[in-house]
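# Descriptive structure summary
This is what each chain is made of:
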Amino acid sequence: MDPLKALADAERKPYWLDSPAKPEPLARLFGETSADLAVVGGGFSGLWTALMAKERDPSLDVVLLEGRRIGWAASGRNGGFAMATLTHGIANGLERWPEEISTLERLGVDNLDEIGEAVAAYDIDCGYERTGELHVATEPWQLEEMNRNVGVARDLGARFDVLDGEQMRAEVNSPTYIGGHWERDGCAMLDPARLAWGLRQACLSLGVRIYERTPVRTMRDTPTSLDLITPHGSVRARRVALGTGVFQPLLRRLKHFLVPVYDYALMTEPLSDEQLASVGWHNRQGVGDAANQFHYYRLTEDNRILWGGYDAVYYNGGMIKPEYEQRDETFVKLAEHFSTTFPQLAGLRFTHRWGGVIDTCSRFSAFYGQSHGGRVAYAAGYTGMGVGATRFGANVMLDLLAGERTERTELRMVKEKPVPFPPEPVRSAGIQMTRWSIAQADLHQGRRNLWLRTLDRMGLGFDS
Ligand SMILES: Cc1cc2nc3c(=O)[nH]c(=O)nc-3n(C[C@H](O)[C@H](O)[C@H](O)COP(=O)(O)OP(=O)(O)OC[C@H]3O[C@@H](n4cnc5c(N)ncnc54)[C@H](O)[C@@H]3O)c2cc1C
């Protein structure tokens, strides 16, 4: 089908947020209040932090301040792949923290297990399915690269099935597949907006006070407290946790480590039984292909296909703007790639198209830290893999704020910071050069040019 026709009726909004399950907004903050812990940001980072703070100490007075609506940003509009990895994949972790990788993998699997337990304990209806992920190769060089780390992953306890082309197509039927892996435990599929709203409800049930449409404009340090100033009020807090993602940070130092990268996705209408049978997909895994510019895709509970990725767009100057959430050039490209992958679904239409902004840092996985004499903690830089890892980051923030030395806080990964991005205009030029080089590598059997090899040597990169 002509991609323009397939897209013709697609609404320009995130599918997950366009749901009857969306709760009514909570009140804004009017006036002054105080708290033992103030959490800024109502995405997964902030929600898990507030929830687990109350779990650790029910007597703690916790306030959460969200500038717009709970889960409106990345947390409510992503692919819904909750991954075990804390390091943006094993290869990245192995390269950066080889001596810690077995601990990091174990902590990541524990974290994902605990997400499943929390979903069950708070009865969060978010379509949680621990299906694992298929990593598919469509070119021989991708298969070679993928196979490089299978041994290490298995040594670390991961259940990796290596599938040839036929076995892969028996899982999900695409003529483009030549083989790959099924990582069985490393990933769960879920509806991210319903997870965010479920966490909001869980926080409220434990007594967290949540204020929506309450942006924090500034944070003032006083001898006795940290004062968070909002448009109509303020919070006098003993401790502050920042889960503000990629948005204008309240701590200037974070600016140097984060760049906003836009990622885009489409959602199809539900597949008929016949259409679904033509694809197989009985085990309902998440799927990601192994190109540098990769696609990620999955089934929803009602058997739609979410199809996203490929373009990771940095707009020069690093601005965040609502109009960047729509990019027709990318939507058409994604629709074309969809029909190449699933030619048997010709005629299937898309119902939603949207984009969202990702907090990208140069090491691709989150960084953590403290300021104001240890009274403020932050975690950011999840680089497109924060659905699971934000819960780990929330635990790190709570450990740091409590002044506790834990297995988490002693990790080199937690203690070290990423290499900062250079200031503009060098930043934009460097990122666009990197994007171009990545596209070239995909066209030339994965061969990395001098620019990418230099960045690799410096431990620097760009990803979504
Ligand atoms: C299209 C897309 C697809 C993705 N797919 C996946 C995926 O499949 N798997 C995966 O693991 N990750 C994925 N990600 C990434 C994942 O969504 C994020 O890593 C994760 O949601 C980050 O959560 P967060 O709470 O840190 O940030 P956010 O969800 O961005 O939340 C930050 C919140 O802080 C609020 N805020 C900021 N500043 C202030 C302030 N001063 N005062 C008050 N509130 C403030 C914002 O309004 C926002 O609600 C994807 C992202 C996108 C955009």
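Shown above is the structure to which this text applies.
Residues numbered from 1 in each chain as written. Predicted model: local features only at pLDDT ≥ 70, side-chain atom pairs only at ≥ 80, totals over all residues. Heavy atoms only, no water.

On the surface, Met433, Trp436 and Trp451 cluster together into a nonpolar patch covering about 310 Å² of accessible area. Relative to the assigned elements, Trp451 resides in helix α14 (residues 450-458). For Trp451, a relative accessible area of 33% translates into the label partly exposed. (Patch = residues over 30% accessible without salt bridge, like charges linked within 9 Å, V, L, I, M, F, W, Y side chains within 5 Å. Areas by Shrake-Rupley, 256 points an atom, 1.4 Å probe, with all protein chains shown as cover. Salt bridge = Lys/Arg side-chain N within 4 Å of Asp/Glu carboxyl O. Helix = DSSP H or I, 4+ residues; strand = E, 2+ residues; numbered from the N terminus. Buried < 20%, exposed > 50% of the residue type's maximum accessible area, 1.4 Å probe, protein only.)

Let's shift gears to the site of the ligand. The environment of the ligand is made up of 36 residues, and the closest members are Ser45, Glu66, Trp72, Ser75 and Phe81. At 2.6 Å from an oxygen atom of the ligand is found a side-chain nitrogen or oxygen belonging to Ser75. Within the contact set of the ligand, a nitrogen atom lies 3.0 Å away from a backbone nitrogen or oxygen of Gly384. Protein coverage of the free-state accessible area of the ligand, which is 1,000 Å², stands at 95%. Elements represented by at least two residues in the shell around the ligand include exactly α2 (44-56) and β16 (350-360). The dominant element in the shell around the ligand, judged by the number of residues it contributes, is β16, at three residues. Of the residues that constitute the shell around the ligand, the class distribution is 16 nonpolar, 17 polar and three charged. (Near = heavy atom within 4 Å. Polar contact = N/O pair within 3.5 Å; in protein donor to acceptor, adjacent residues only side chain to side chain. Nonpolar A, V, L, I, M, F, W, Y, C, P; charged D, E, K, R; others polar.)

The subject of this paragraph is the side chain of Thr383. Inspection of the secondary structure assignment puts Thr383 in the loop between β18 (376-380) and α11 (389-402). Residue class for Thr383 comes out buried when judged on its relative accessible area of 0%.

Per the stated rule, a full pass over the model turns up 18 aromatic pairs. Members of the aromatic cluster, joined through ring pairs, are Trp281, Tyr297, Trp307, Phe338, Phe342 and Phe350. Taking the ring centre of Trp48 as reference, the NZ or CZ of Arg391 above it sits at 5.5 Å. (Phe/Tyr/Trp six-rings, centres within 6.5 Å; stacked < 30°, edge-to-face > 60°. Lys NZ or Arg CZ within 6 Å of the ring centre and 35° of its normal.)

Leu37, Trp48, Tyr368, Phe392 and Met413 are the most contacted members of the largest nonpolar core, which totals 67 residues. Looking at which element gives the most residues to this core, the answer is α11, with eight residues. Apart from residues lying up to four places away in sequence, Leu37 is in contact with Ala53, Leu60, Asp61, Val62, Val63, Arg239, Val240, Ala241, Leu398 and Leu401. Judged by nonpolar contacts, the second largest core, of 35 residues, contains Leu163, Met168, Trp182 and Phe331. (Core = buried A, V, L, I, M, F, W, Y, C linked by side-chain atoms within 4.5 Å. Contact = heavy atoms within 4.5 Å.)

None of the figures reported here should be taken as evidence of function without further support.
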